[in-house]
Amino acid sequence: MGTLGDLRVNRIGYGTMKLTGWPRGEAPPRDTALAILRRAVELGVNHLDTSDYYARDGVAANELIRSALYPYQRDLVIVTKVALVNPADVEQLRGGVEANLRSLGVDRLDVVNLRLSDRGPSDELLETALATLQTMVDEGLIRHLGVSNVTAAQVARARAAAAIVCVQNLYNISARDDDPLVDTCAAAGITYVPFFPVGGFQPLVGAALDAVAARHGATVAQVALAWLLARSPNIALIPGTGSLAHLEENIAAAGLGLTEEDLAELG
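These notes cover the structure that comes with them. Residue positions are counted from 1 within each chain, in the order its sequence is given. Totals for whole chains, interfaces and linings use all residues, but because this is a predicted model, local features are given only for residues with pLDDT of at least 70 and pairs of side-chain atoms are given and counted only at 80 or more. For side-chain calculations, the full set of non-hydrogen atoms in the structure is used, while hydrogens and water are omitted.

Overview of the overall build of the chain
Working step 1: Along its length, the chain carries ten helices and eleven strands.
Working step 2: In terms of overall size, the chain behaves like a compact globule, its C-alpha atoms giving a radius of gyration of 18 Å where 267 residues would be expected to give roughly 18 Å.
Working step 3: If one aligns the C-alpha atoms of the chain with their principal axes, the spans along those axes are about 50 × 40 × 30 Å.
Working step 4: Residues are treated as being in contact if the distance between any of their heavy atoms lies within 4.5 Å. Within the chain, residue pairs in contact and separated by at least 24 positions form 73% of the contacts whose partners lie at least 6 positions apart. Only DSSP runs of H or I reaching four residues or more are called helices, and only runs of E reaching two or more are called strands; each is numbered from the N terminus. Here the globule rule is a power law, 2.2 Å times the number of residues to the power 0.38, and the radius of gyration is based on C-alpha atoms.

Structural data, given as structure tokens:
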């Protein structure tokens, strides 16, 4: 089990972005999307990653979640995110939070991640943005806060401004720039949630991955997920897919025990 603040989650969750085809790609049929969400919960997933802005061509992740799963089971943790699109208008964050509340049909959001742009805001703007979100925590609209797409320095500044329960960044077996940050988060009791855990728009490839997968009778994606679970106990995964079969494969990766030999071969 992992944690998001005082909320306990299974270490393999589900990311909903691919259900919408946003920002690119093809969304699965609506019936398939609803079936994926219901099957995920049946298989023990209780950590969903979503956002009101995961929407394209009339398909919205939050609407799918609500249609498939409402009323929500008590232990289901839905993590949303808001982005600071216009640095001159920090109050837009309130609008983003309220949009997520409405579309999910809830009175309080479990976790809201503040997603930063690749350039990142100034120290002052980051603190102001977190102060805005903290006000909504105090109002009872948000339970916990996290940050996404951040540098180690920004995480440090965020922690000085608010209680941060998770960091969501790009990280996988082939993209390990965040290795030091994973360890920093582990030492601080902060959950690290990799996005694109199996490569995202560029699927992972490599001879070592192929060899380990063949040895275990597993897929490369399963090995990549199992490697992340072995990397650190503070890592929680949210692999996304528009396929029921891939969903079941991803969740089954939790039972794939990599050996010391496997981990050494994977580097």
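From this point, the narrative continues.
Observations concerning the layout of surface pockets
Working step 1: Looking at the largest pocket, its volume works out to about 730 Å³.
Working step 2: Lining the largest pocket are 35 residues, with K18, F196, P197, G200 and G240 positioned closest to its centre.
Working step 3: Contributions of two or more residues to the lining of the largest pocket are made by β11 (191-195), α8 (220-231) and α9 (244-252).
Working step 4: Residues are sorted three ways: Asp, Glu, Lys and Arg are charged, Ala, Val, Leu, Ile, Met, Phe, Trp, Tyr, Cys and Pro are nonpolar, and all the rest, Gly among them, are polar. In terms of residue class, the lining of the largest pocket is built from 18 nonpolar, twelve polar and five charged. The pocket and cavity definitions rest on a 1 Å grid over protein atoms only: a 1.4 Å probe that fits but cannot leave marks a cavity, an open set with protein on both sides within 12 Å along at least five of seven lines marks a pocket, and residues lining either have an atom within 4 Å of a point. Grid points are joined across faces, edges and corners, and a volume is the space filled by probe spheres set on the points.

Quick look at the nonpolar core
A general trend in soluble globular proteins is that nonpolar side chains are found buried together.
Working step 1: Counting 71 residues, the largest nonpolar core has L69, V97, L133 and V167 as its most contacted members.
Working step 2: With seven residues, the single largest contributor to this core is α8.
Working step 3: Discounting chain neighbours no more than four positions away, the residues touching V167 are V147, V150, V155, L181, C185, I190, T191, Y192 and V193.
Working step 4: Think of a nonpolar core as a cluster: buried Ala, Val, Leu, Ile, Met, Phe, Trp, Tyr and Cys residues, connected wherever their side-chain atoms sit within 4.5 Å. Only protein chains enter the accessibility calculation, which uses a 1.4 Å probe. A residue is then buried if its area is under 20% of the maximum for its type, exposed if over 50%, and partly exposed in between. L4, V9, V165 and A236 belong to the second-largest nonpolar core, a separate cluster that totals eleven residues.

Observations concerning the sheet that holds β11
Working step 1: Any two strands between which DSSP finds at least two bridges are classified as paired. Taken in spatial order, the seven strands make up an open sheet running β3-β4-β7-β8-β9-β10-β11, and their pairing is parallel. With one partner strand each, in any of the chains shown, β3 (14-15) and β11 form the two edges of the open sheet.
Working step 2: In terms of strand pairing, strand β10 (residues 164-170) meets β11 through five bridges, oriented parallel. Bridge pairing links V167 to Y192 in β11.

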